[in-house]
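# Secondary and tertiary structure notes
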Amino acid sequence: MAGLGAAHLNSSKLNLGVLRDFYRREFLECIDKCSGTKAIVWDDGLTGPFGLIAEASMLKEHEVEKMFKLESAGLPPSNVQNIIFVTRPRLGLMSTIAQCLLSEEMKGGYVRKEFYLIFVPRKSLLCEKKLKELGVYGSLASIEEFNLGLIPFDSDLLSMEMDNSYRECYLENDYSSMFFAAQSLMTLQALYGTIHYIHGKGDCAKQVVDMMRRMKMEIGNAEPQITPQIDNLLILDRNVDLITPLLSQLTYEGLIDEVFNIKNTNVKLPPEKFRSEEEKKNNKNELSSEPKKLILNSSDELFAELRDKNFNAVGAIVSRKAKTITAEFDERHAAKTVGEMKQFVSKLPHLQAVRASLGIHTSIAELVKEVTDSDDFLDSLRCQQEFTHGIETDKYNPYIETCIAKTEPLTKVLRLICLQSLCNDGLRQKVLEQYKREIIQTYGFEHLVTLSNLEKAGFLRIAGHKTYSIIRKSVRLIVEDVNEQMPNDIAYVYSGYAPLSVRLAQYLARPGWRSIEELLGLLPGPKVEEVQQIPMGLRKRRNSVTSSQSSMGEQKLTLVFFLGGVTQAEVAALRFLGQQDDGSGHHEYVIASTRIVTGDSLISELWTDKDHYGRDGGPLY
């Protein structure tokens, strides 16, 4: 079971396959408590995250015969002995579970069924109370909880996939997700050793570190007896840098996420570009309209090479790869001896896999290019770059006015208005009122609440003390003439804008945050610093390991944890930092977050009624 289908998780300095196997074992122990045949009924929001830790084939080995989606219509017929509901603790889902239980009890049948409920990541007293009110609590043989925390997405990327953590913390003052973040970090330390140095910035970062301290005391300060593998932990609140996620990401993976929405490393794409010429000829009338589903992770070596590149550099790489593959296939004509032919045949499966991958990524790049070449995209990008450069940020913007007049997606309009507000350190009262009036008249009165939410959450405000221009200059957020093909600065991920969040990680690594004390004071929330003691024996072993590497330069591993979401472009920028070496060694990075976000998904969290998103909101372009 260990490492099955997860070789890409083991390829960095920190083997995240260990974490995946830990969650697998825990979940299997949870479902094995009920003996006999089983059907699992999944809350739809959990199928993606669980798909990354437990494959269907593995569940079958543990007597899981059927899997269903939780729906109010009830469950399809099945002769299993146990039905296990796996759900998030949401009150709305309790009514659906109650309907399923009542309909199953009415059916009867030859096999007497036992019902179980597993809450992810934690039990909820309110949900249990709701089940009692609905009269089904007594029908459940047991109620368990499964603490699924940080899910390994790739060898250096972890996500909790908590969709509403920013809204809960900054709008509803509900810090439950911060408790789960602290709990996840304690699990990481149990598996990979104590993290010696902790740094953080923001109110939520302070909450997480305080909770970790309390959790440590509750377990009697028992240190994991494991040689520490992570040197530093940096925890950043999303609201320390709200500008970055509002910008259009310009890396290959970032653009795929912006345009097509990657979910749990899966993406659904229009099928037309993925049909072969033969399929188009032979099945003209029977072509499927089902979207093309793809998994995007570093197990695909071409995607691993392309994912973090600026999109303007992708075409040249794909073209070069295509020529190389063609040349390698042509080698078969030069093979004269049996040995040479045998050697070519042994390479054939790999060459065919690379050629198939090349076809897929050529098609994806074409789909993305259709968007990036459009006037809508280029005009939006121009507007964003004017704001980040501080050009005419204090006036009512004619491009935003045009977008509203053309009733373009409200998420696009709100992203731009919020970006203008943040780059101008707030908008003049007159400008803000004009934007509000236009939005309410065009998109509906219900968005008064949306605008109010954006103000409460820090995206919109009345102009105040000027700090953005100071921050922009002091840590060089704007980099002119950035090289997109062969970058030498993290600003390549936004074609000239360096994410503040990643600049903070860069300064922490070298020369340290003491060099930017004044800047940190301008950012929201407290600065956090904590030193955790490492048992002496483990520390010595750690030192002996690092001293043996001294000839290659010192390597340090930093875990950067984003509370409230991280973009794929920020992930790319941190990976880029990890590849740099100034001669005195380098820092490698593992990135964790409460979720992977785009500007659209972050704005949609603060929607009046989140069910509107997708109907009124639509995509950015």
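Shown above is the structure to which this text applies.
Right, let's get into the environment of L70. Mapped onto the fold, L70 is located in the loop between β2 (64–69) and β3 (82–87). Separated by 26 residues in sequence, L70 and T96 place their C-alpha atoms 7.3 Å apart. In this structure L70 touches V41, W42, D43, F85, L93, T96, I97 and C100, once residues within four positions along its chain are discounted.

One can find L242 in the loop between β9 (232–237) and α9 (243–246). The exposure class of L242 is buried, given its relative accessible area of 7%. Other than its neighbours up to four places away in sequence, L242 contacts Y166, L422, A457, G458 and F459.

For any two aromatic rings, the description comes down to two numbers: the centre-to-centre distance and the angle of the planes. Under the counting rule described, the total for this entry stands at 15 aromatic pairs. Judged by centre distance (5.4 Å) and plane angle (55°), the rings of F27 and F146 are tilted. On the criterion of sequence distance, the pair formed by F27 in helix α1 (residues 17–31) and F146 in the loop between β5 (140–145) and β6 (151–154) is long-range, its members being 119 residues apart. Take F27 and F146: they sit in the same class, and that class is buried. With a centroid separation of 6.2 Å and an interplanar angle of 75°, the aromatic rings of Y494 and Y497 are classed as edge-to-face. Residue Y494 shares its accessibility class with Y497, and that shared class is buried. Three or more aromatic residues link up through ring pairs in this structure, and these residues are F22, Y23, F27, W42, F50 and F146. The ring of Y137 carries the charged tip of K132 above its face, separated from the ring centre by 4.8 Å.

Before going further, it helps to examine the state of the cysteines. For the structure on display, the rule yields 0 disulfides. Sulfur of C34: no disulfide; nearest cysteine sulfur belongs to C30 and is 8.6 Å away. Residue C34 is classed as buried on the basis of its relative accessible area of 3%. No disulfide involves C403; its sulfur sits 7.5 Å from the nearest other cysteine sulfur, which is in C383.

As a further point, take the sheet that holds β5. Sheet strands associate in pairs through backbone hydrogen bonding, adopting either a parallel or an antiparallel arrangement. Strands sit in the order β2-β1-β3-β4-β5 across an open sheet of 5 strands; the sheet is parallel. For this open sheet the edge positions go to β2 and β5, each flanked by a neighbour on one side alone. Across the sheet, the mean angle separating the axes of adjacent strands is 20° when strand polarity is ignored. Where β3 meets strand β4 (residues 114–119), 6 bridges bridge the pair, whose relative direction is parallel. Bridge pairing links F85 to L117 in β4.

So, about the sheet that holds β6. Taking strand neighbours across the sheet as the criterion, the 7 strands line up as β6-β7-β14-β13-β9-β8-β12 in an open arrangement whose pairing is mixed. Two strands close off the open sheet at either side, each with one partner strand: β6 and β12 (527–531). Sheet twist, expressed as the mean angle between neighbouring strand axes with direction ignored, is 20°. Relative to strand β14 (residues 586–593), strand β13 (residues 555–563) is paired through 8 bridges, and the arrangement is parallel. Bridge pairing in β14 places F561 opposite A592. Each of β8 (197–201), β9, β12 and β13 is contacted by helix α8 (residues 203–218), which is oriented at about 135° to β9, the strand it contacts most. Contacts from helix α24 (residues 568–579) reach β7 (157–159), β13 and β14, with the element oriented near 160° to β14.

Scoring rules and cut-offs
Residues numbered from 1 in each chain as written. Predicted model: local features only at pLDDT ≥ 70, side-chain atom pairs only at ≥ 80, totals over all residues. Heavy atoms only, no water. Helix = DSSP H or I, 4+ residues; strand = E, 2+ residues; numbered from the N terminus. Contact = heavy atoms within 4.5 Å. Buried < 20%, exposed > 50% of the residue type's maximum accessible area, 1.4 Å probe, protein only. Phe/Tyr/Trp six-rings, centres within 6.5 Å; stacked < 30°, edge-to-face > 60°. Lys NZ or Arg CZ within 6 Å of the ring centre and 35° of its normal. Disulfide = S-S within 2.5 Å. Pairing = 2+ DSSP bridges. Axes fitted to C-alpha atoms, helices over the stretch in contact; angles between N-to-C directions.

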